[in-house]
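# What the coordinates show
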Number of protein chains: 2
Amino acid sequence: MVEKIPADSVGIVSYHDLEVREALTLACGQSLPGYNLRYECYGELNAARSNAVLLCHALSGDHHAAGYHSAEDRKPGWWDNMIGPGKPIDTRRFFVVCSNFLGSCKGSTGPASINPATGEPWGLDFPMVTVADWVRTQAVLSDHLGIAQWAAIVGGSLGGMQVLQWAIDFPERLRHAVVIAAAPKLSAQNIGFNEVCRQAIMSDPDFHGGRYYQAGTKPKHGLALARMIGHITYLSDDAMGKKFGRETRGGKQLSYGFDIDFEVESYLRYQGQRFVEHFDANSYLFITKALDYFDPAAAHGGDLAATFAQVQARFLVASFSSDWRFAPERSREIVQALFRAGAAVSYAEIEAQHGHDSFLLPIPQYHRIMRAHFERIAEEQGL
Amino acid sequence: MVEKIPADSVGIVSYHDLEVREALTLACGQSLPGYNLRYECYGELNAARSNAVLLCHALSGDHHAAGYHSAEDRKPGWWDNMIGPGKPIDTRRFFVVCSNFLGSCKGSTGPASINPATGEPWGLDFPMVTVADWVRTQAVLSDHLGIAQWAAIVGGSLGGMQVLQWAIDFPERLRHAVVIAAAPKLSAQNIGFNEVCRQAIMSDPDFHGGRYYQAGTKPKHGLALARMIGHITYLSDDAMGKKFGRETRGGKQLSYGFDIDFEVESYLRYQGQRFVEHFDANSYLFITKALDYFDPAAAHGGDLAATFAQVQARFLVASFSSDWRFAPERSREIVQALFRAGAAVSYAEIEAQHGHDSFLLPIPQYHRIMRAHFERIAEEQGL
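A quick note: this is a predicted structure, and the numbers were derived from the prediction, not measured. (Residues numbered from 1 in each chain as written. Chains lettered and ligands numbered in written order. Predicted model: local features only at pLDDT ≥ 70, side-chain atom pairs only at ≥ 80, totals over all residues. Heavy atoms only, no water.)

### A short note on the overall build of chain A
Counting its regular elements, chain A contains eleven helices and 14 strands. Against the compact-globule benchmark of 21 Å for 383 residues, chain A has a radius of gyration of 21 Å, which places it among compact chains. Taken along the three principal axes of its C-alpha coordinates, chain A extends 65 × 50 × 50 Å. Counting across all 383 residues of chain A, residues that qualify as buried make up 60%. Across chain A, the fraction of contacts at a sequence separation of at least 24, relative to all contacts at a separation of at least 6, is 72%. Averaged over its 35 positive side-chain charges, chain A has a centre that lies 2 Å from the centre of its 42 negative ones. (Helix = DSSP H or I, 4+ residues; strand = E, 2+ residues; numbered from the N terminus. Rg over C-alpha atoms; globule rule 2.2 N^0.38 Å. Buried < 20%, exposed > 50% of the residue type's maximum accessible area, 1.4 Å probe, protein only. Contact = heavy atoms within 4.5 Å. Lys, Arg positive; Asp, Glu negative; His and termini not counted. Charge placed at Lys NZ, Arg CZ, Asp CG, Glu CD.)

### Looking at the environment of Gly 29 of chain B
As for its placement among the helices and strands, Gly 29 of chain B is situated in the loop between strand 2 (24–25) and strand 3 (31–32). On a C-alpha basis, the gap between Gly 29 of chain B and Met 128 of chain B in space is 9.2 Å, while along the polypeptide they are 99 residues apart.

### Notes on the packing of helix 1 (residues 131–145) of chain A against helix 2 (residues 158–169) of chain A
All names here are of chain A. Their axes nearest at 9 Å, the elements helix 1 and helix 2 cross at an angle of 70°. Taken together, helix 1 and helix 2 sit at an angle that is classed as roughly perpendicular. In terms of crossing hand, the pair formed by helix 1 and helix 2 is right-handed. Between helix 1 and helix 2, the residues in contact are Val 131, Ala 132, Trp 134, Val 135, Gln 138, Ala 139 and Ser 142 and Leu 158, Met 161, Gln 162, Gln 165, Trp 166 and Asp 169, respectively. Each residue belonging to the contact of helix 1 with helix 2 can be placed in one class, and the counts come to eight nonpolar, four polar and one charged. (Axes fitted to C-alpha atoms, helices over the stretch in contact; angles between N-to-C directions. Parallel < 35°, antiparallel > 145°, perpendicular 65-115°, else oblique. Left-handed = near helix turned anticlockwise from the far one by under 90°. Nonpolar A, V, L, I, M, F, W, Y, C, P; charged D, E, K, R; others polar.)

### Notes on the sheet that holds strand 1 (residues 16–20) of chain A
Residue and element names in this part refer to chain A. On the basis of which strands lie adjacent, the open sheet formed by eight strands has the order 1-4-8-5-11-12-13-14 and mixed pairing. Unpaired on one side and paired on the other, strand 1 and strand 14 (345–350) mark the two borders of the sheet. When the angles between neighbouring strand axes are averaged without regard to direction, this sheet yields 20°. In this sheet, strand 13 (residues 314–320) lies alongside strand 12 (residues 174–180) in parallel orientation, the contact comprising five bridges. Note on strand 13: the bridge partner recorded for Val 179 is Val 317. Those strands touched by helix 1 are strand 1, strand 4 (35–42), strand 5 (52–56), strand 8 (95–99) and strand 11 (150–156), and its axis lies near 60° from that of strand 4. (Pairing = 2+ DSSP bridges.)

### Remarks on the relation of the copies chain B and chain A
Least-squares fitting of chain B to chain A yields an RMSD of 0.1 Å, with the superposition described by an axial translation of 0.0 Å and a rotation of 180°. Here the copies are linked by what is in effect a two-fold axis. Same-surface contact between copies: 100% of interface residues of chain B are shared with the interface of chain A. (Least-squares fit on C-alpha atoms with pLDDT ≥ 70 in both.)

### Concerning helix 10 (residues 328–340) of chain B
Residue and element names in this part refer to chain B. Spanning 13 residues, helix 10 covers 18 Å between terminal C-alpha atoms, matching the ideal 18 Å at 1.5 Å per step. Those residues of helix 10 that sit buried are Pro 328, Arg 330, Ser 331, Ile 334, Val 335, Ala 337 and Leu 338. Tucked into the core, helix 10 has its buried residues touching helix 2 (158–169), strand 12 (174–180), helix 3 (188–202), helix 9 (304–307), strand 13 (314–320) and strand 14 (345–350). (Expected span 1.5 Å × (residues − 1).)

### Re empty space enclosed by the protein
Under the definition given, this model contains six cavities of 30 Å³ or more. Approximately 100 Å³ is the volume attributed to the largest cavity. As for the largest cavity, its lining consists of 14 residues, and the residues nearest its centre are Ser 203 and Asp 204 of chain A together with Ala 200, Ser 203 and Asp 204 of chain B. In terms of residue class, the lining of the largest cavity is built from six nonpolar, six polar and two charged. (1 Å grid on protein atoms, 1.4 Å probe; cavity = no way out; pocket = protein on both sides within 12 Å on 5 of 7 lines; lining within 4 Å. Points joined across faces, edges and corners; volume = space filled by probe spheres on them.)

### Concerning the sheet that holds strand 11 (residues 150–156) of chain B
Residue and element names in this part refer to chain B. With mixed pairing, eight strands are arranged side by side in an open sheet as 1-4-8-5-11-12-13-14. This sheet does not close on itself; its edge strands, each paired only once, are strand 1 (16–20) and strand 14. Recorded for the sheet is a direction-independent mean angle of 20° between the axes of neighbouring strands. The strands touched by helix 1 (residues 131–145) within the sheet are strand 1, strand 4 (35–42), strand 5 (52–56), strand 8 (95–99) and strand 11, with strand 4 carrying the most contacts at an inclination of about 60°.

Below you can see the structure in the form of structure tokens.
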């Protein structure tokens, strides 16, 4: 429970649901008869509708980016340090929107939703959704909100991939693209880690081919393993070393057994167990596949610059020195291709020791860059 | 089946078993009433007993380092490219010994062996074995073979850790120490990966608390997952990229489902499935714990140089540029501590793209260094 809502918080917020009744044909060829998009908004849309900022969330994120759902909440939204009155993305100036993507388990339609054709949860029969599909649904939400052009679209990690896809697919609908800790496509190593996570879930006997809702079970062990693997890849070796070193749990002697010896083991088990309480295993499967499949240059023979030929947005690309999931090199690939495509692009490589997770943290240099960038956008938009 | 035994092979070899009947008190405080050590020898011990080289193997290795057990073998021993007549560790000059460590599943006593007190497999009741325990059993083997001093003790990865422990615990019993792709202790990230592997095995319902032998099952899924995770950490991101890229399996279209799409997925699943056919899950648990526990400096307040104060061996330390499991930085920690301790040490940082696995591969620069080093040892020993 939060003691007192801080003054620079967007405060108590609530989500909205957009029920779309038109069918959506997806990149995979299948279609959804209709779907729900859950989203939140912070700040006020101005009369010119020129101050709207769209946030795109990452794997385990959701629409709840800032503020609290109630005074009983222990924690605010996932990007609360970035969004609020006086924060880098300043809600006194900007109208900020964040929607949960399809396939997730946080309120938008996903594999745990009811398949109207069967009256049962979709499970693995849910159609495969891609980053391009998500962007199309976000465009539907933009229309619903009456936003013809976003002042900026912003995202980190898988969120950054959605920003790239927006700039490619709807070049006239965003003025600025902010792409943080992302990559133009996954490496074989990235896909390898995702595949191990999927195998962990799918080989859990409580998975039941994805029909565990009906079986009254949950593939908890598999999903916890997936989260543990994920966590290691989100943190740098250095950050883990500084955080845990080889400290034994509670400073105890070695157990010479298979109980927890080291703090890092305790941390990972806890993270795994906590995750299964609020995340759906099927969603994890679908979202990791969307990551694996993301490769916008594939439609242009692998030529990323050609892929960016039509972009109109001005880009800020940012990476973190210790990120080994999507290393700075991957951001530089994006920057170089944008340059070759003649796009306007700034690049910031931020010294940070927290690995991929840095994009979520209030790192001073990072926040200074974001603040300055959004101040320029505000000026440019006359806000 | 090998077409024809190559001329530079040690040829058809067979293992020996040393049945030790004296009890061994282990670092954990428990003792083994007796144990078997399985080992192989290549070349001939000279009259002066001055040409003996001990190899220490890594996690999934064994005593079978070179040659073939029969003409039907598809592959030779795990370090066949390094050991043989005319090879860097030249069996025309050196007498080479490799023993399987306790806790493994390749012939030396381990958790799948029969506990004489119960008449059943030890399982998790097998006592925790450490790198120091292994070195003590290798010293027993040295006595049995009549080798008072090894010309060199050599090992990569976990094998290199055994070499360090030898130099610390039995300084007068080795003239040269060759420590390849090792670390003075595991990082929090290393321990984290090991913990995820152990959780994968132990949460497999076929694990039965380690008593799966009695249950007639095998925790195949868990062990396969552990091997898949391991494989990703053995290869560099670059090496995986060069080997698999984002190639789809057989050049097929994306499946938009959860079957294998990418070559890297197919490779990892295959490696996982193959591993479970010849490795015991309990051994994997014990060996990863031995890795986690390895920290010889702990007994000296974390001062690695003080730990090395009594070493007499001359060291060659080698690392590989793309190794991120035990990065060159970890080898440099060893080198710097040896320097501070006044030990003789050479260091080679080898450009290689294959990650941690490089230590097993016939990389020309690596083999040149090893060849030159063993030629100097041969000269020095008057071989």
